[in-house]
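# Report on the structure
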Amino acid sequence: MGDCKYSCATATETLDWIRAIIQFLKPYSFFWESHVVNFITHRLWEAVDEEWIDCLRNEPVECLIQIPSGFVQQHWPSSLKKFITSLSSLAFPREQADLKKLLPNMQVALLNNVITQGMNQKKRHEIEVLAAVVSSVARDVETNTIIDVGAGQGYLSQVLSFEYQLSVIAIDASSHHGRVTDERAERIKKHYEAKIRKSSLGGKGLTIPKTVTCRVLSSDMLKTLLNSKDVDEHCHHQSTSDTCPLLLTGLHACGDLSVTMLRAFLESKEVKAVVSIGCCYNLLSEEEANPLCGFPISRGVKSTGLHLGRNSRDLACQSADRWKVMEKGASLHNFELHAFRAAFQMLLSRYFPETLTASPTIGRQGKALRRKHQNSKMNGLPTDECSRKPDSTSGTDEHVDTCSLFEKFSESGLHRLNLNQPHNIDFAAIWKEAEPFVEMIGPYWSLRAALGPVLETLILLDRLLFLQEQGDSVEAVMLPIFNPNISPRNVALIAKKT
Ligand SMILES: C[S@@+](CC[C@H](N)C(=O)[O-])C[C@H]1O[C@@H](n2cnc3c(N)ncnc32)[C@H](O)[C@@H]1O
């Protein structure tokens, strides 16, 4: 978006970007309002330009999964190329920012094997970078007390505490997480104490993060917590003032929780800065009647009357970077599962139409199914019903194979929905009816997923605009702080009171 490399400097520019996105998305509501489970029952491909589908159904899966990242081929229809490249230019750039340049006072502590115990490579990267960013911002706003909201098992809190000597309060809804955080912190503390003894440096006593178990449901609730004894006792007062300056942070604080943090930042005079990385946009509340809902929060987006809905918020969670690195087998498997789910929806509409009014979800299934199936094939066991039914095959082993997988998928789906399986379900007939449309699912889903990064951008810009609408009292910026190949949900919203 023109001059707005990471995020626009003014509310007006941010609102222009938002308006450009809304304008672009409007004619494609058939993509973002739809759900792939209805692909066959609602004949979703019919809403898409026929030329696009005809072209993409011949493309290999390796090409399709690059579409959400803005990939196009020269020979594709020009309207299709324009659609994909426009989406790319409207999405927030995800390439990791040069943090040393943007935050000159940032110092990165390299993490040892004791403090990173239990972290996978992704978590270790996130914590290493985020802790350095948080400590840099804390120094800017002259605070030593950090509130880690949705702290999970306390990974970030502990690094801030032991490596950056900050005073940390770790809040999480789960008491189990609180216990794990405490136990982990005690173990890590021993390591640091031994290190201090060996180096005979002495120094300040080590403090471990204070854990608080609380499901934070509103900014008022968070503000009450921030003013509580728990926080005050743990505060490192820096000045003579009797209030404790705080920095709020949250790594992948789900749904409304990230928004609650932004509201508490504005409403609480103690909170001097916020560093927030959101996730799970599907969990955002979006009721027009509720002024404190999770989306939209800015006056600018509210004034457009935009309503995203559950399917679009789900779509905003799709990551182009994750698609891009998917292996061929995994991508094919993924499309196949979408095909099974869409055919299963046909089955429900035939045999259990009443269930569809409740938009049933059957969760993620499929991996175990395929593994079991492959094992039974290797052991030469009879595979399934589909192969036994005389009218069920199209004459190829592949059909039988896929059809039997569909049958198992459906049986498991029915079980999850607590539906008794009547004897007359003709799985083979359903699959035969679905099969001609199955090859269009990959193209359709890839085009739809290309909207994901733009929808996420819209949600993030709404948050940025909300802060910018406060005028000069707040300085806010959005930065992709993680390497997107390691951690695709990588955008931090950083705001300070000026
Ligand atoms: C995606 S996890 C992130 C955990 C941690 N920040 C990390 O990155 O390792 C989100 C965490 O937020 C917590 N959580 C979700 N909603 C919450 C709420 N309303 N109040 C407090 N904690 C919440 C969950 O229990 C979970 O531990």
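Residues numbered from 1 in each chain as written. Predicted model: local features only at pLDDT ≥ 70, side-chain atom pairs only at ≥ 80, totals over all residues. Heavy atoms only, no water.

## A few points about the state of the cysteines
Scanning the model with the defined rule gives one disulfide in all. Put simply, C235 and C244 are joined by a disulfide, and their sulfur atoms are 1.8 Å apart. Its S-S torsion of about 100° marks the bond between C235 and C244 as right-handed, since a negative value means left-handed. Taking relative accessible area as the criterion, C244 reaches 5% and is therefore assigned buried. Cysteine C63 shares no disulfide, and the gap to the nearest cysteine sulfur, in C55, comes to 9.5 Å. The closest cysteine sulfur to the non-disulfide-bonded C280 is located on C279, 3.4 Å from its own sulfur. For C280, a relative accessible area of 26% translates into the label partly exposed. (Disulfide = S-S within 2.5 Å. Buried < 20%, exposed > 50% of the residue type's maximum accessible area, 1.4 Å probe, protein only.)

## What to know about the pattern of salt bridges
Evaluation of the coordinates by the stated rule reveals 18 salt bridges. Between K269 and E270 there is a salt bridge; the shortest N-O distance is 3.4 Å. Residue class for K269 comes out exposed when judged on its relative accessible area of 59%. When its relative accessible area of 11% is taken as the criterion, E270 is described as buried. A cluster of three or more residues bridged by salt bridges with shared partners is formed by D54, R57 and E439. (Salt bridge = Lys/Arg side-chain N within 4 Å of Asp/Glu carboxyl O.)

## Some details on the side chain of Q158
Here Q158 lies in helix 8 (residues 155–162). Apart from residues lying up to four places away in sequence, Q158 is in contact with I115, Q153, E163, T181, R184, A185, I188 and P209. (Helix = DSSP H or I, 4+ residues; strand = E, 2+ residues; numbered from the N terminus. Contact = heavy atoms within 4.5 Å.)

## Describing the pairing of strand 7 (residues 491–497)
Strand 7 sits mainly inside the fold: six of its seven residues count as buried. Where strand 6 (residues 474–480) meets strand 7, seven bridges bridge the pair, whose relative direction is antiparallel. The partner of M478 across the bridge, within strand 7, is L493. (Pairing = 2+ DSSP bridges.)

## Comments concerning the confidence of the model for the protein chain
When pLDDT is averaged along the protein chain, the result is 89, and 88% of the positions lie at 70 or above. Throughout residues 377–385 the model reports pLDDT below 50, and contacts reaching past four residues in sequence, or to other chains, amount to 10 contacts. Note that residues 387–395 has pLDDT below 50 and, in this model, 14 contacts with residues that lie over four places away or in other chains. (pLDDT = per-residue confidence, 0-100.)

## A few points about the site of the ligand
Near the ligand, the surroundings consist of 14 residues, among which K123, G150, D172, V216 and L251 are the closest. One nitrogen or oxygen atom from the main chain of A173 is found 3.1 Å from a nitrogen atom belonging to the ligand. For the ligand, a nitrogen atom lies 2.8 Å from a polar atom in the backbone of V216. Look at the ligand: alone it shows 590 Å² of surface, and the protein chains cover 79% of it. The site holding the ligand turns out to be the second largest pocket. (Near = heavy atom within 4 Å. Polar contact = N/O pair within 3.5 Å; in protein donor to acceptor, adjacent residues only side chain to side chain. Areas by Shrake-Rupley, 256 points an atom, 1.4 Å probe, with all protein chains shown as cover. 1 Å grid on protein atoms, 1.4 Å probe; cavity = no way out; pocket = protein on both sides within 12 Å on 5 of 7 lines; lining within 4 Å. Sits in = over half its atoms within 2 Å of the grid points.)

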